[in-house]
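Take a look at the letters that make up each chain.
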Amino acid sequence: MTGPGDRREADRDRAADRDRREDDRGRPDGGNAGRDDRDDHRDADHELRVTKIRNGTVIDHVSGGLALTVLGVLGIDGSAGEVVSIGMNVPSDRLARKDIVKIENRELSQDEVDVLSLLAPAATINIVRAYQVREKHRVDRPAQVSGVLSCPNPDCITAGREPVTSTFDVLDRSVRCVYCETILDADLTDHVDIG
Ligand code: CTP
Ligand code: ZN
């Protein structure tokens, strides 16, 4: 179904395309060469790359190249029919290149946001309802995370038979098990265990 909002957006995109063609006509090369970062930024401004969503969560300002890792730790692989759009290595004002992950009809839990904060400390989480950004949160790197990562040390008390909730101190570039001091850094995403 196409609503008036969609149409307005399509009009805007068409107008953006038209502006670009008109700009390019004035160039000696007809606009074919010399596509530099300025052009890229204009694309970003006009949202040509990834379409807007009606309801769901937009995880924006993820470091370039990490989008698939973000989906992996959220346990999203499309097999449950989730509607997901990804932009990878999109030019950004705040980061050199950013990834964007848009997940329709899904809002993230606090545990999921905690794990995201470890992978993507600059991320912004936007909750979209009826096409509008209703909430915008910068992820907050907590001092500790509990119950979202499993300790890889088989001798750790959290790996024993008694249920002990895993807890890690969050350091600058890694996390450390409070029970056995095992450090997780680059391999952190292999040990995510949410809910
Ligand atoms: N977005 C979307 N669908 C909507 C509304 C917004 O996918 N219906 C996306 C935008 O494409 C953008 C993000 O959600 O990637 C945040 O939207 P918005 O707050 O409008 O953009 P900015 O002001 O540029 O955000 P920021 O200041 O956080 O960079
Ligand atoms: Zn441990």
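These numbers were taken from a predicted model, which means no experiment stands behind them.

We note that Asn 105 has phi near 55 degrees; this positive angle belongs to a residue other than glycine. For Asn 105, the position within the fold is in the loop between strand E3 (97-104) and helix H4 (110-119). Exposure remark for Asn 105: the 11 C-beta atoms within 10 Å place this residue in the exposed category. Not every positive phi belongs to a glycine, and Tyr 131 is a case in point at roughly 75 degrees.

Here we take up the sheet that holds E3. Across the sheet, which stays open at both edges, the five strands sit in the order E2-E3-E1-E4-E5 with antiparallel pairing between neighbours. Of all the strands in the sheet, just strand E2 (84-91) and strand E5 (132-138) have a single pairing partner and so form its edges. Each strand of the sheet is rotated relative to its neighbour by a mean of 15 degrees, with strand direction disregarded. Relative to E3, strand E1 (residues 56-63) runs antiparallel, the two being bridged by six bridges. Pairing of Thr 57 across the sheet is with Ile 103, part of E3.

When the pLDDT values of the protein are averaged, the result is 81; 74% of them are 70 or greater. Residue range residues 1-5 is modelled with pLDDT below 50. Its contacts to residues more than four positions away, or to other chains, number two contacts. Ignoring residues within four places in sequence, the model shows residues 13-40, a span with pLDDT below 50, making nine contacts including any to other chains.

Attention now goes to the pairing of E2. One ladder, built from six bridges, connects E2 with E3; its direction is antiparallel. The residue bridging Pro 91 from the neighbouring strand is Arg 97, located in E3. Hairpin connection from E2 to E3: five residues lie between these consecutive antiparallel strands.

Strand pairing in a sheet takes place through backbone hydrogen bonds and is either antiparallel or parallel in direction. Taken in spatial order, the four strands line up as E6-E7-E8-E9 in an open sheet, and their pairing is antiparallel. The two strands at the open ends of the sheet, each matched to only one other strand, are strand E6 (144-146) and strand E9 (183-184). Note: strand E7 (residues 167-170) against strand E8 (residues 175-177), three bridges, orientation antiparallel. Note on E8: the bridge partner recorded for Val 170 is Val 175.

Rules used in this analysis
- Residues numbered from 1 in each chain as written.
- Chains lettered and ligands numbered in written order.
- Predicted model: local features only at pLDDT ≥ 70, side-chain atom pairs only at ≥ 80, totals over all residues.
- Helix = DSSP H or I, 4+ residues; strand = E, 2+ residues; numbered from the N terminus.
- Buried ≥ 20, exposed ≤ 12 C-beta atoms within 10 Å, placed from the backbone.
- Pairing = 2+ DSSP bridges.
- Axes fitted to C-alpha atoms, helices over the stretch in contact; angles between N-to-C directions.
- pLDDT = per-residue confidence, 0-100.
- Contact = placed C-beta atoms within 7 Å.

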